[in-house]
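Analysis of the macromolecular model
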Amino acid sequence: MRAVVQTVGRASVTVDGEVVGAIGNGLLVLLGVTHTDTADTAQTMARKVHEVRILDGERSAADAGAPILVVSQFTLYGDVRKGRRPSWTAAAPAEVAEPLVTAVVDALRERGAKVETGRFRTHMLVESTNVGPQTLLLDL
């Protein structure tokens, strides 16, 4: 599982002209799933996202009560080592990835996080205003 975690002043996801998820100051998480990921991986990723000290003052979303916007992003597993056209073979298929993305979101909520999401299997317009900018790659 991979996540790009960015500090944002605001972020939103729009699908077919409708805002389906939006947050103020918090974290935007682009989340990719690979074939070997499990429910345990999802729990670990949720803990790391919630507790990573990337916000101002070396605080985490858990410390600050900051909201989190999670957006599924299979392209995090794109491979361009053999040319210019990405291969997506390392990305888990949608039927495997979707429940694991949901498991991360559920685990974040169980930890007390306010979580918004994108919409799986749709063309999403993701907008964000990065703060810092501060960006991390979490790779499990």
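In what follows, the structure referred to is the one given above.
Predicted model, so just to flag it, every value in this text is computed and none were measured.

1. Quick word on the overall build of the chain
Counting its secondary structure elements, the chain contains 3 helices and 6 strands. For the chain, the α and β elements follow one another from N to C terminus as β-β-β-α-α-β-α-β-β. Here the chain has a C-alpha radius of gyration of 14 Å; the compact-globule value for 140 residues is 14 Å, and the two agree. With respect to the principal axes defined by its C-alpha atoms, the chain has extents near 40 × 35 × 25 Å.

2. Considerations on the packing of helix α1 (residues 39-51) against helix α3 (residues 94-110)
Viewed as axis vectors pointing N to C, α1 and α3 meet at an angle of 45°, and their least axial separation amounts to 8 Å. Looking at the two axes, α1 sits oblique to α3. In the packing of α1 onto α3, the handedness of the crossing is right-handed. Contacts between α1 and α3 pair A39, A42, Q43, M45, A46, V49 and H50 from the former with L100, A103, V104, A107, L108 and E110 from the latter. When its residues are assigned to classes, the contact of α1 with α3 shows 10 nonpolar, 2 polar and 1 charged.

What counts and what doesn't
Residues numbered from 1 in each chain as written. Predicted model: local features only at pLDDT ≥ 70, side-chain atom pairs only at ≥ 80, totals over all residues. Heavy atoms only, no water. Helix = DSSP H or I, 4+ residues; strand = E, 2+ residues; numbered from the N terminus. Rg over C-alpha atoms; globule rule 2.2 N^0.38 Å. Axes fitted to C-alpha atoms, helices over the stretch in contact; angles between N-to-C directions. Parallel < 35°, antiparallel > 145°, perpendicular 65-115°, else oblique. Left-handed = near helix turned anticlockwise from the far one by under 90°. Contact = heavy atoms within 4.5 Å. Nonpolar A, V, L, I, M, F, W, Y, C, P; charged D, E, K, R; others polar.

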